[in-house]
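In case you want the letters, here they are:
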Amino acid sequence: MKASQPTVKAGPASAKSPDQIHCVDPATRAPLGSVRVDSPADVDAAVARAKVAQKTWGKTSFAERRRVLEALLAYTVDHKEEICAEVQRGSGKTRENALLGEIWPACEKLRWTIGSGEKHLKPEKISSGLLVHKKARLEYHPLGVVAAIIPWNYPFQNLINPIIPALMAGNAIVLKPSEWVAWSSERFILAMREVLKDAGHDPDLIQAVQGFGETGAALARSAVDMILFIGSVGNGRRVVQASAERITPVVMELGGKDAFIVCDDAELEQAVHAAMSGCFINCGQNCVASERILVHEGIYERFTDRALELTRALRQGSSRDDLVDVGAIATPLQLEVIEKLVASAVKQGARLLCGGKRVHPEQGNYFAPTILAEVTPEMDISREEVFGPVMLLMRVKDDDQAVRVANGVSYGLSSSVFSRDRGRARAIASRLEAGMTAINEFGGVTYMVQGLTFGGVKASGYGRMNGREGLRSMCNIKAVVDDRLPLGFPNRIFPVAEGDFGRFSGVIELLYGKGLAQKWRGLTRLLQRK
Ligand code: NAD
């Protein structure tokens, strides 16, 4: 990679220690080294440096910001193999997943922002309504320093995704990467800072503070101007509480339990392959994973047989030497969560069709691609996020039941509906309580349409990443009323005169009264002297 290597101390395992994170490769358990933990004072110092760097950056033209994003795009395209290798080492995912799930969306987001960012951030004319002598507009000013507290599932993508809109909107950014991918994050941040330096800008516009939950908590309490939190509901709640101290605005991108509805008239191959993507891309460690496959009775058996055939054929491994379809689970903690939920589902009556256990334990953190059939909404696994390679098959009788079950969880991130009847699919889609829906596609594809927003409802969070709303979430959206003509006459309110109340009552009736009679009465009251 282009970046210089940070000073590290080799460490034996991913154990927690106060001042170092010992990083390991989850696919091989090979130690990678250690990353220093930042203290709350280090966090405050990073934010202070970012504030200084932002002062100049916030005054740059859109053309200059585009030039920097173009440099980041060139860096990503030119170094994609090294980035993928680093992502693989840090997270245990496959090479192909690193390329398609991290590099490609990052490039697409850069392309979209370079092409459309200015359009959504330049001042926007708004009708001045009654104030005919004035003009009105919305202006999109940088907020200052954005904090992004991010998870481990997409080590490169989760980092660059908030960096792009933050820079385009004129902000600096301080990131808190997950402790589980501290090693690769350190390298990616160093590389991006080099890109900034080469482009003639202060590298402190992009910084990372490393550590465990305490470092994230310190960042949430620091003097940043906005927080984007991507992670679990429990920690999201803690960040909201911390943000209350300074009334810092937050965007919450939390977990999901996405419904994937397959109607009896669905195109079988299309639906099954999409479900395979929804369940097994990145080994299911995907906030928009298709966590519940709701299949109409009429197609349930055929769907199950075909899904089972394809799942049994999946090859699993580290993908360093062999071509494999699915990789490792990034953290041993997540492995335990998956194992526990699968075991409880079987105990509660689900039928295990394949997988259901750890594999290659001598090599790394692997959980076999799993299918559970006859899963019901009451089971724990139907309500809690699995975040692993597990396909849950749930039988539904009709569209109403499908919608009821789909909406019957606390989450509402993404969703998918499959039917050859587009009217039927759209009707179901419009009833789903989710931030995103894809028709006849895996719900995760909405991420590839960068003009769309990304985010959830209910416990999946609030606020939006991506698209126009994502860019503007990092702005002070300022309402401005300005002169249309330099008239200079005073708009005198004081002193209140005898008869003002009657005249203004007349104005209100004239403008908003119902029917000619009331408007006429308003006009006469307006013209009265007293
Ligand atoms: P997590 O909540 O454990 O950690 C996320 C980040 O928060 C990490 O950097 C962590 O160090 C930090 N953190 C932990 N405690 C904190 C605290 N008290 N204050 C501030 N920061 C704190 O989540 P995870 O296990 O890394 O990621 C998996 C979760 O993320 C899943 O629920 C998944 O659905 C969700 N996710 C959501 C999206 C989305 O866009 N909606 C995307 C990816 C992942």
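Residues numbered from 1 in each chain as written. Predicted model: local features only at pLDDT ≥ 70, side-chain atom pairs only at ≥ 80, totals over all residues. Heavy atoms only, no water.

Details of the overall build of the protein
Line of reasoning, step 1. When you go through the protein residue by residue, the secondary structure sums to 16 helices and 22 strands.
Line of reasoning, step 2. Burial analysis of the protein (530 residues in total) assigns 54% to the buried set.
Line of reasoning, step 3. In the protein, the share of contacts with a sequence separation of at least 24, taken over all contacts with a separation of at least 6, comes to 70%.
Line of reasoning, step 4. Element-wise, carbon and sulfur atoms account for 56% of the exposed surface of the protein, whose accessible area totals about 23,500 Å². (Helix = DSSP H or I, 4+ residues; strand = E, 2+ residues; numbered from the N terminus. Buried < 20%, exposed > 50% of the residue type's maximum accessible area, 1.4 Å probe, protein only. Contact = heavy atoms within 4.5 Å. Areas by Shrake-Rupley, 256 points an atom, 1.4 Å probe, with all protein chains shown as cover.)

Some remarks on the pairing of strand β2 (residues 31–36)
Line of reasoning, step 1. Pairing geometry for strand β1 (residues 20–24) and β2, over five bridges, is antiparallel. Looking across to β2, one finds that His22 is bridged to Ser34.
Line of reasoning, step 2. Between the end of β1 and the start of β2, which pair antiparallel, lie six residues, with Arg29 showing a positive phi angle near 60°. (Pairing = 2+ DSSP bridges.)

Regarding the sheet that holds strand β5 (residues 145–149)
Line of reasoning, step 1. Across the sheet, which stays open at both edges, the six strands sit in the order β7-β6-β5-β8-β9-β21 with mixed pairing between neighbours. What marks the edges here is a single partner per strand, and that holds for β7 (206–208) and β21 (461–462).
Line of reasoning, step 2. Sheet topology places strand β8 (residues 226–230) next to strand β9 (residues 250–253); four bridges connect them, and they run parallel. Residue pairing for β9: Phe229 is matched across the bridge by Met252.

A few points about unusual backbone geometry
Line of reasoning, step 1. For the peptide bond that leads from Phe494 to Pro495, omega is -5°, which places it in the cis range.
Line of reasoning, step 2. Its location among the elements puts Pro495 in the loop between β22 (475–483) and α15 (500–512).
Line of reasoning, step 3. A positive phi angle is found at His360, which is not glycine, with a value near 45°.
Line of reasoning, step 4. Following the sequence through the fold, His360 ends up in the loop between β13 (358–359) and β14 (366–367).
Line of reasoning, step 5. At Lys458, a residue that is not glycine, the phi angle is positive and equals roughly 55°.
Line of reasoning, step 6. By the secondary structure assignment, Lys458 is in strand β20 (residues 457–458).
Line of reasoning, step 7. Given a relative accessible area of 37%, Lys458 falls into the partly exposed group.

Points about the site of the ligand
Line of reasoning, step 1. Taken together, 29 residues surround the ligand, and among them Ile150, Glu179, Ser232, Leu254 and Glu385 come closest.
Line of reasoning, step 2. In the model, an oxygen atom of the ligand is placed 2.8 Å from a nitrogen or oxygen of the Ile150 main chain.
Line of reasoning, step 3. Between the ligand and Asn235, the relevant distance is 2.9 Å, taken from an oxygen atom to a side-chain nitrogen or oxygen of the residue.
Line of reasoning, step 4. Each of domain 1 (37–254 + 468–478) and domain 2 (259–458) accounts for three or more of the residues forming the shell around the ligand. (Near = heavy atom within 4 Å. Polar contact = N/O pair within 3.5 Å; in protein donor to acceptor, adjacent residues only side chain to side chain. Domains from an automatic or database assignment.)

Observations regarding the domain arrangement of the protein
Line of reasoning, step 1. Annotation of the protein at the domain level lists domain 1 (37–254 + 468–478), domain 2 (259–458) and domain 3 (492–527).
Line of reasoning, step 2. For domain 1 versus domain 3, the distance between C-alpha centres works out to 51 Å.

Observations regarding the layout of surface pockets
Line of reasoning, step 1. Approximately 360 Å³ is the volume attributed to the second largest pocket.
Line of reasoning, step 2. In terms of lining residues, the second largest pocket is bounded by 16 residues, among which Asp38, Glu186, Ala208, Val209 and Gln210 are the most central.
Line of reasoning, step 3. Elements that contribute at least two residues to the lining of the second largest pocket include exactly β2, α1 (40–57), α6 (182–198) and β7. (1 Å grid on protein atoms, 1.4 Å probe; cavity = no way out; pocket = protein on both sides within 12 Å on 5 of 7 lines; lining within 4 Å. Points joined across faces, edges and corners; volume = space filled by probe spheres on them.)

What about the nonpolar core?
Line of reasoning, step 1. Core analysis: the biggest nonpolar cluster contains 78 residues, and Phe156, Ile163, Leu167, Leu175, Ile206 and Leu219 have the highest contact counts within it.
Line of reasoning, step 2. Looking at this core element by element, the count peaks at eight residues for helix α4 (residues 95–121).
Line of reasoning, step 3. Each of domain 1 (37–254 + 468–478) and domain 2 (259–458) contributes no fewer than three residues to this core.
Line of reasoning, step 4. The next biggest cluster of nonpolar side chains, apart from the first, holds 58 residues, and it includes Cys279, Phe280, Met391 and Ala425. (Core = buried A, V, L, I, M, F, W, Y, C linked by side-chain atoms within 4.5 Å.)

Describing the pattern of salt bridges
Line of reasoning, step 1. Tallied over the entire structure, the rule returns 35 salt bridges.
Line of reasoning, step 2. Here Glu108 ties to Arg111 by a salt bridge, and the two come within 2.7 Å at their closest N and O atoms. Placement of both Glu108 and Arg111 in helix α4 is noted, with a separation of three residues, approximately one turn of the helix.
Line of reasoning, step 3. Connected through shared salt-bridge partners, Asp264, Asp265, Asp399 and Arg424 make up one network. (Salt bridge = Lys/Arg side-chain N within 4 Å of Asp/Glu carboxyl O.)

A look at α1
The α-helix advances 3.6 residues per turn, and as a result positions three or four apart in sequence lie on the same side.
Line of reasoning, step 1. Over its 18 residues, α1 runs 25 Å from end to end, which matches the ideal 26 Å to within 8%, given 1.5 Å per residue.
Line of reasoning, step 2. Those residues of α1 lying buried are Val43, Ala46, Val47, Ala50, Ala53, Gln54 and Trp57. Take α1 and look down its axis: the buried residues cluster within an arc of 130°, on one side only. What points out from α1, more than 90 degrees from its buried face, is the exposed set Ala41, Val52, Lys55 and Thr56. (Expected span 1.5 Å × (residues − 1). Arc of directions from axis to C-beta.)

Some words on a nonpolar patch on the surface
Line of reasoning, step 1. Where nonpolar side chains cluster on the molecular surface, the patch consists of Leu130, Leu131, Val481, Ile508, Leu511 and Tyr512 and spans about 620 Å² of accessible area.
Line of reasoning, step 2. Sort the elements by how many residues they give to the nonpolar patch and α15 lands first, with three residues.
Line of reasoning, step 3. Note on placement: Leu131 falls in the loop between β3 (124–126) and β4 (134–142). (Patch = residues over 30% accessible without salt bridge, like charges linked within 9 Å, V, L, I, M, F, W, Y side chains within 5 Å.)

Comments concerning empty space enclosed by the protein
Line of reasoning, step 1. What the rule picks out here adds up to four cavities of 30 Å³ or more.
Line of reasoning, step 2. Estimated volume of the largest cavity: approximately 80 Å³.
Line of reasoning, step 3. Considering the residues around the largest cavity, the lining is formed by 15 residues, among which Ala259, Arg292, Ala406, Ser414 and Glu433 are closest to the centre.
Line of reasoning, step 4. Within the residue set of the lining of the largest cavity, elements represented by two or more residues are α12 (399–407) and β17 (411–412).

Concerning the side chain of Thr331
Line of reasoning, step 1. Within the element layout of this structure, Thr331 appears in the loop between α10 (297–312) and α11 (332–347).
Line of reasoning, step 2. Only 2.9 Å separates the side chain of Thr331 from the backbone nitrogen of Gln334, close enough to count as a polar contact.
Line of reasoning, step 3. The residues touching Thr331, leaving out its near neighbours within four places in the chain, are Trp152, Trp180 and Asn365.

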